[in-house]
Structures are given as C-alpha cells and as structure tokens.
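# Inside the fold
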Amino acid sequence: MSAAVVAVWLATVLTILSRSHADRNVYPSAGVLFVHVLEREYFKGEFPLYPKSGDAASDPITFNTNLMGFPDRPGWLRYIQRTPHSDGVLYGSPTAEHVGKPTVIEITAYNRRTFETARHNLVINIMATEEFPLPYQAEFYIKNMNVEEMLASEVLGDFLGAVKNVWQPERLNAINITSALDRGGRVPLPINNLKEGVYVMVGADVPFSSCLREVESPHNQLRCSQEMEPVISCDKKFRAQFHIDWCKISLVDINKVAPVYVTRVEPGPGILPEFGDYNPPSESLKSRDYFTDFIVTLAVPAAVAVALLFILGYTMCCRREGVIQLVHHSSIQKSTKEMRSMSKNREISWPLSTLPVFNPVSGEVVPPIHPDSYETTSMPLMQTQTNLQNQITIPQQQPSGDNYVLSTFRRLEVNGIPEERKVAEALNL
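Reference entry: report on the structure contained in this document. (Residues numbered from 1 in each chain as written. Predicted model: local features only at pLDDT ≥ 70, side-chain atom pairs only at ≥ 80, totals over all residues. Heavy atoms only, no water.)

### A look at the side chain of N121
- Here N121 is to be found in strand β7 (residues 117-124).
- At 3.5 Å, the side chain of N121 forms a polar contact with the side chain of D23. (Helix = DSSP H or I, 4+ residues; strand = E, 2+ residues; numbered from the N terminus. Polar contact = N/O pair within 3.5 Å; in protein donor to acceptor, adjacent residues only side chain to side chain.)

### Section: the sheet that holds strand β10 (residues 198-204)
- Taken together, four strands build an open sheet; the order of strands is β9-β10-β8-β11 and the sheet is antiparallel. Edge strands, defined here as strands with exactly one partner in the open sheet, are β9 (172-179) and β11 (250-253). Strand-to-strand, the axes of this sheet are offset by a mean angle of 20°, without reference to chain direction.
- Where β9 lies against β10, seven bridges are found, and the strand directions are antiparallel. Counted as the bridge partner of T178 is Y199 from β10.
- Sheet contacts for helix α4 (residues 153-167): β8 (136-142), β9 and β10; angle to β9, the most-contacted strand, approximately 125°. (Pairing = 2+ DSSP bridges. Axes fitted to C-alpha atoms, helices over the stretch in contact; angles between N-to-C directions. Contact = heavy atoms within 4.5 Å.)

### Some words on the environment of Y91
- Mapped onto the elements of the fold, Y91 is located in strand β5 (residues 88-92).
- As a C-alpha pair, Y91 and V35 span 56 residues in sequence and 4.4 Å in three-dimensional space.

### Side note on the pairing of β7
- For β7, the buried fraction is high: six of the eight residues fall into the buried class.
- Pairing analysis gives three bridges linking strand β1 (residues 24-26) to β7, with the strands arranged parallel. What sits directly across from N25, in β7, is V123.
- The turn linking strand β6 (residues 103-111) back onto β7 is made up of five residues, and F115 within it adopts a positive phi angle of 60°. (Buried < 20%, exposed > 50% of the residue type's maximum accessible area, 1.4 Å probe, protein only.)

### Some remarks on the pattern of salt bridges
- For the structure shown, the criterion picks out ten salt bridges.
- For R78, the salt bridge identified is with D182, shortest N-O distance 4.0 Å. With R78 in strand β4 (residues 77-80) and D182 in the loop between β9 and β10, this pair connects stretches of sequence that are 104 residues apart.
- Since its relative accessible area comes to 27%, R78 is described here as partly exposed.
- With a relative accessible area of 48%, D182 lands in the partly exposed category.
- With a shortest N-O distance of 3.1 Å, K195 and E149 are connected by a salt bridge. Here K195, found in the loop between β9 and β10, pairs with E149, found in helix α3 (residues 147-150); they are 46 residues apart in sequence, far enough to count as distant. (Salt bridge = Lys/Arg side-chain N within 4 Å of Asp/Glu carboxyl O.)

### Description of the sheet that holds β6
- Pairing is mixed across the open sheet formed by four strands, whose spatial order is β1-β7-β6-β3. In this open sheet, the two edge strands, each paired with only one partner strand, are β1 and β3 (61-67). This sheet shows a mean twist of 25° between the axes of neighbouring strands, independent of strand direction.

So this is what it looks like as structure tokens:
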C-alpha cells in the first residue's frame, strides 16, 4: 500500500471523526424567526458502510432533537419532518429572556435501513438586537401552504417581498411561523393541493398601510361575519402565490397595548417555599429493610381470617342452632333424592298408541310412533296413528238387504234409540 493511499485514508477517517463530534454554532437574534435545516446529505457520510447492497442515497433517515440533559426541546423551538426521505427543520422565535444563555440541542440521526445512528450538537447562541421588539406586528393566515414549505428561504423571501411592497417599511422581519394544526386546525383531506395552512407573523417599524387597514372597515367586517371574502385592494399582489384569508389577519400596535402587571400572590401556610432546582438525595442514605413491614402486612390479615373461620366453625358445628340447621338441610337433601329415585322407578301401562299396529292388507307389523325412551309420564292415553308406511285404505261397500237392515239396527242401537223404534225404522227403511 502506497503512502498516498494511506494518507488519503487517514484524512477521510479524521474528517468523519471531526464531523461526528464537532459542535455547530448558530447565532440567531431575539425576536427574529430562526430556521435551521437538518440536511440528510450531511449525516449520510457519518454512517458506516453497510455490507448489503442498496442505494444509500434513498435510505430513510429520521431525526430526534432534544435539549441536552432533557427529553424535549425548549418551548420556543419546534421541529418538523414530513417524511423520512425529506430534511428536518428546526424553527422558532427566541425571546429576550433567552439572550446570553447558550442552548445546546442534541441531534440524533437514525438510518432506518441500516439501524445506524449519528449524533452531533447544535449550539444556539441567542443575540440581542436593538430593533427588538418591532412596534407594529401583523399576522397573516396563508391557506395554500404547509409549514415546511413556508420555511424554505425562497418562499419566505417571496412572501416578505410581497408584504414589503404593500406595507413599505424600512425594516421588516419575520417574527414567527406556526402551523394551523397547532392553532386547533383540522388535518386536511388527502387531496392534491389541499394544505393545512400556516400563520406568519411579521413586524415592521412603520404604521400599517391603508391596504392592511381595509379589513377593519365595517363593510368588510360584515362580509367576514357572513363568511364571505372581504374586498382588499392589495390582494392581487399576493394571490399569484399566496392565498391569504383576510378575515383572520391580526394587526397589533405594541405601543397602544397596555402592559399587564401580574402581582405575585404570597403563598399561604400550605404552600411549600421555592428552593430552586430539584436536588436528588445523595447515595449515602441508609437503606431501609422492608421485611418486617412485609411480614406485618401478611400476618395481620391472616390472623383475622383464621379467627373468623374458627368462630364460624364453632357456631355451625358446636352450637345447637347450627346443628339444627345442618340436620334440617341434610333431611331436605335426603328427601329430594328419595323422591327423584321414586319418580324414575314408577311403572305405568303403555297406551294403545304406543303398541305395534298390524296392517291387515300388507301383513306387516308397523312399530309404534313413540320409541321406548319416550317420556311416559306426559304421554296421552290415546293418540292417532299417522304417517304409517304402506297404509292402504279399504273402500267401504254399500250394504243391501238383510245386511243393510242389520247394520242400520246396530247403528240405531249404538245411538241409544228404543228397540220398538229401532225395528219400525229398520222395516220402513
């Protein structure tokens, strides 16, 4: 291996190590929008080579950002990444109370294909500015933009240029950007060109222009109350790229806003005094033995249970009232068992409908309708034989002569008619 190859290899290793452990310093100004893009290309070189084949340029990479020593970011700093294949963005607007306090943000990148991680720190040094705060602030609601689209430098520059043409200030700064979802807006439907919306606050050093004041006119206020678009003369300067909801514009003059002084309430006797940050107890504290507490916790309920069991057993087995109840219960159970055995052993005669039927034509014996296992106690005495197999109906012949008289006589006798009338009616017929 030549010396040139070794030198190149060492330089590459040193570059990777220096990039992976070096801190990046940024210097935002208080009261001015801060935007920092977490570029995927910057972290790709820090991941080690993966042995399997694959396009490293298309690896899904996600980021985790948090304040050093804490699980989350500061309250003024937000983070967004739409997909693992897009860059992440840190944005927010620091205030004057953060001036002079370096904020260290830990950024951890995850390669979702190789499961490798890379980490570096972002040191945010917030600087003071003489023009903070700008006295005149206007907040616009843009309906056709997402927050990450608005954070792009080109798009934000175009919007500030349109506002500057309408407002004509000497100094104009973007103060803050907020997604409409953070203001209680709804998630848009998955339809093309349907955005979630974004609020953009800008500040200037001159009073609001007449165009911006037009939204405060009674006519436009009436149209807004009727959910109609107000008539704004300068809307055409935004309409080509930005669709602004003029009914949601907010114009604030800080010089006319009365300051609010919050008086601190003196804590009562039930409120603990403030001692600053929480200090965990030292490791020199003596350990406590919980074995005695464990035994007491189990022994007391066990003793109570044994005492109750003894009292119940003595009452039921040794007292006269308990013995009587036990004997009474035993006699009831014995009587019930005896009655059940008697009901199973009783014998009754089978009804005629359960006997075999002889077919005089075919000469076969038809089994009864009900099998032997049928419950006899609920069976009627006589039942009609139906659905007999091979049943043949014998036609009845009309009787004549003496046979007819004899049959009529028998029929009259069955019906209860006296003998004299029987014979007379038989001879007449």
